[in-house]
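What the coordinates show
Chain by chain, the residues:
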Amino acid sequence: CSDYYYEYTECDSVGSRWRVAIPHILGTCSALPTPTRGTDCSFSCAVGEFLEMSAQQCTPCAAGSYSLGSGVRFDQWDTIPAGFTSLATYMDPGPSGEESQACNSSSWTPQGVYLESSRDECTVSLVYAVHLEQQGSVSFSYQYPDNNIFFEFYVQNEQCQEMAQTDDQKWIKLTTNGEWDTHTVNLKSGTNILYWRTTGILVGGKMVKPVLLRNIQIEGVAYTSECFPCRPGWFSSAPGSSSCQPCPRNTSSHKGAASCTPCPDTQYSHEGWSQCKERPPCSEKDYFQIHTACDSEGKTQVMYRWVEPRICEENVTGAVALPPTGEREACPPCNPGYYNTDDSTCFPCPPGTHSDGTSVCEECPAGTEPVLGYEYKWWNVLPSNMKTSCFNVGNSKCDDMNGWEVAGDHIRSGAGGSDNDYLILNLHVPGFKSYGQNEHMAMIIFGRITFVFETMCSADCELYFMMSTTVVESWEGSKERQSYTHIMTRNASVSYTWAFQRTNQAQDVRRYISDVVILYSVSVTNVQDGVASACRACALLSQSSQRSGSCIPCPAGFYIDRDTNRCQECPPNTYLSGHHTYGEDACLPCGPGSKSNKEHSRCYSDCSYSHTEHNRTLTFDLSSLSPVASLTIGPSFTSKGTKYLHVFNVSLCGHQGKMAAVCTDNVTDLANKDMGSDSTQFVNSVDSFICQSTIIPADGRGFRMALASQSISLADTFLGLVSKHFILRSTPVVFGECDKQNLICVFVFDSLFLRSTQATGSCERGRSAVMTIRCNPEKMDRGQLTVPSACPAGTCDGCTFHFLWESGSACPRCTQDDYHQIEGACKGGVQVTLSVWNEPKLCTKGMSLPAKSSAPCEAIALWLKVGVGGGAFLAVLLVSLTFYFWKKNKRLEYKYSRLVMSANKECELPVADSCALAEGEEPEDDVVYSHKPSLLGKLRAIANKREGDSSESVQLKSSQSERWVWG
């Protein structure tokens, strides 16, 4: 029987093994070769050889195949190779305990020459298990352009215990768009389980750029029993090869080919293609225009060129011919800071001179210096410090092409080789001019880069603006002409990159070649060794110096005096928005409630604040709120169920103006810590007054640590502190009505007063923060930091963030107006006085309550004595008046009765004047009333007397005892 193959048994304890024959189909062979002692377990062949099992000798691989000897390589990704597994991690269980199926479709996807990670926020692991008989290694090529995806590589043993790895082995370094990097990790002998794990962070709703893998190579396997055939489109021409090579353009090959076959004239192929295709008729998408360099006469013209490599056929029906060359036109002028030579070539002006680009370079006048920088607005040739390239992750069709083409008054994206090419434009800046000492003490604006651009797209194009390997901003789809500015706050050499991709979908047919990005102008300020288009006044050395009249840089916080051209320090509580500014008016006053730091580069709150209200001065001491506070909001969930939190760090006041709130992307920090100094400068660590990080916790996702990402600054400029009366008139109140009690809503950091200077694509004026500080005596110490319920993420529009800090420490300092005194009763001749806080108590610290005091007193108070004496006097007076008027009334009654008797006709009485008593006359007779009638009764009696109905008798007693009786 010959239908069998050889294999080795497992190694025994002494490192030996046996070669045994195994039939391809069990039960079909009866006379198999007897087992033979095999090679040592540590035996392996050299690269380009394999172990021929029948002779147990190393044999060179035949042409069209390759071998790594003791290694294995995976470089063909039409499908996921055998032994690899793509696993998606389920989300947290649902409310009923069931597992979510949202990630069932998430996996690593083969794309021919590379493997692409999932683009969503599911955690997807690519797993491969390998057994090494000796120490070895694993290496792979990758692209990792987006820090919004979490990418790690780690190794476990057969007990699923993680192997010891350093941080630089575990965390993968970021790469620029289109750049491949290699990662290598040493492996121990035995079973090694390799994990490539990715998790997208789609908190902002933006699709992440996937991770790409290719050329996975593992060293340390015991032996290779066969050679690997070259994949289609590749070949190896010599025996004993360790790798295969791609077929050149316009050739093809089948699997295991030793050479490539040329395509017919009517067909074409790209590098590494397995078959040729028919050439299509040429169209407008197959050529592009360029501007020629200026000739000796200062002329340029438009020319048209075929897109290379040219795949279309020009001499067929329906084909478009290449347009003729345009008319010769005058070259644009040189860029500012450059001058034109006789051969129409632009050169930079010598140091100390300047030019606007149309005239010769001139020296700056005495007392001035050139304003250094770059200003590119004319694009006849690419500046010497800029370069352009083209790159594709899946092929090398555009490796030798220009990614961008100059076009006179603008520079535009080139044709490229495919629609998914990265068209790259790079600008290198050696550094920025220094502004003196103590630059580390505060944020200093070293320079700005500003560019004007426009995108015109019909597909999902995207423009990236990057600083080194960090994406600063990106724009998707068509964008009208606009300007973007980025501020440099660190002095270092930096490369700015513009990368344009028409679509991220790989296609063989060109569909979007007309999609283009246009860059009109680029300017960078304060560049070290830059060129100058103008001069500005500078500070001069003193006359006593040997170099009198020479320009010197002013220290931080100093301006140039207009009269003396000397450096003068800014007045207290003012700041300079930039350096080397002219005139005292360059020193801007700090906002209310703030002061400037020592360098006059920033305003901040020193944790003290005074406010006058209703003729009362309120003083606040916020020193207990000075330490950095943290606020965690969440959890929230993405559409796939990923749990994430928002963490805010707040540095409210103090710290001598230093922005003490720090937010760091932990993965980015670890991945970049050992990179070169040029990249280490831009690790995503944010220093600010208020910053935010997005945290994905370790629980529920299989993470071994929490992931911090998307760290941003919300407030790096403090512009003032105001009271509630101003703020309620000028801004919306997001925390509802302030309490009726005075001082509950004390003051606010508003968007007009605390903001971030860095603009973004969605926040043109930058992000801002409103911090409301509210006095709440019930929340002692540092109190509580919250966000409004209407905006649970702290913001409703993504640009303005609102916070409320309630604390007893936010109450004003206590004064004598915050308490009142209570006097006790007089006991034993002593009276006690107590001091009590007004309720509710709305103050803290400051003045303490006065101690209890006592004073001598009398049992009966003086006011009580005076009251009693006055009452007695009034009572006596009232009794006397009553007696006087009663006596006088009796006299009047007597006179009246005498008058009535004299008016009776039946009685012969004297006339009225003889009956009445003279003034002062005392009556001689007593009048006795039998019934003591009242005055009204007497009148009735007189009336009844006339009618005869009744009678009344009055008894008069005279001195002669005579009686008058009336009947």
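What you are looking at is a predicted structure, and each value in this text was computed from that prediction instead of being measured.

1. Here we look at the sheet that holds strand 68 (residues 819-823)
Spatially, 3 strands are ordered 68-69-71 in an open sheet, and the strand pairing comes out antiparallel. The strands lining the two open edges of the sheet, one partner per strand, are strand 68 and strand 71 (853-856). Direction aside, the axes of adjacent strands within the sheet are offset by 25° on average. Judged from the 4 bridges that link them, strand 69 (residues 830-837) and strand 71 form a sheet pairing that is antiparallel. The residue bridging T833 from the neighbouring strand is S853, located in strand 71.

2. Some points on the confidence of the model for the chain
Considering every residue of the chain, the mean pLDDT works out to 78; 80% of them sit at 70 or more. The weakest mean pLDDT in the chain belongs to strand 62 (residues 745-749) at 35; the strongest belongs to strand 21 (residues 261-262) at 96. pLDDT under 50 marks residues 91-99. Its contacts with residues more than four places away, or in other chains, come to 11 contacts. Scored below 50 in pLDDT, residues 668-682 shows 32 contacts in the model against residues more than four places distant or in partner chains.

3. Quick word on the packing of aromatic side chains
The final tally for this structure, using the stated rule, is 36 aromatic pairs. Judged by centre distance (5.5 Å) and plane angle (85°), the ring pair of Y144 and F151 falls under edge-to-face. Comparing Y144 with F151, the two get one shared label, buried. Measuring from centroid to centroid gives 5.7 Å for Y268 and W273, while their planes differ by 45°, and the two rings are tilted. Among the aromatic residues, those joined into a ring-pair cluster are F74, W77, F84, Y128, F140, Y142, Y144, F151, F153 and W196. In this structure, R310 is placed above the aromatic ring of W306, and the distance from its NZ or CZ to the ring centre is 4.7 Å.

4. Points about the UniProt feature "transmembrane region" (unreviewed entry) in the chain
Cross-referencing UniProt, the feature "transmembrane region" (unreviewed entry) maps to residues 862-886 in the present numbering. A distance of 37 Å separates the end C-alpha atoms of residues 862-886, which is 100% helix and 0% strand.

5. Examining the sheet that holds strand 54 (residues 629-637)
Sheet strands line up and pair through hydrogen bonds in the backbone, either parallel or antiparallel. One open sheet accounts for 4 strands, arranged 54-55-58-59; its pairing is antiparallel. Single-partner strands in this sheet number two, and they are strand 54 and strand 59 (707-715). When strand polarity is set aside, the average angle formed by the axes of neighbouring strands in this sheet is 20°. As paired elements, strand 54 and strand 55 (residues 643-650) share 7 bridges and run antiparallel to each other. Paired with I633 across the two strands is H646, which belongs to strand 55.

Conventions we followed
Residues numbered from 1 in each chain as written. Predicted model: local features only at pLDDT ≥ 70, side-chain atom pairs only at ≥ 80, totals over all residues. Heavy atoms only, no water. Pairing = 2+ DSSP bridges. Helix = DSSP H or I, 4+ residues; strand = E, 2+ residues; numbered from the N terminus. Axes fitted to C-alpha atoms, helices over the stretch in contact; angles between N-to-C directions. pLDDT = per-residue confidence, 0-100. Contact = heavy atoms within 4.5 Å. Phe/Tyr/Trp six-rings, centres within 6.5 Å; stacked < 30°, edge-to-face > 60°. Buried < 20%, exposed > 50% of the residue type's maximum accessible area, 1.4 Å probe, protein only. Lys NZ or Arg CZ within 6 Å of the ring centre and 35° of its normal. UniProt positions renumbered as here; feature names shortened; annotations may be inferred.

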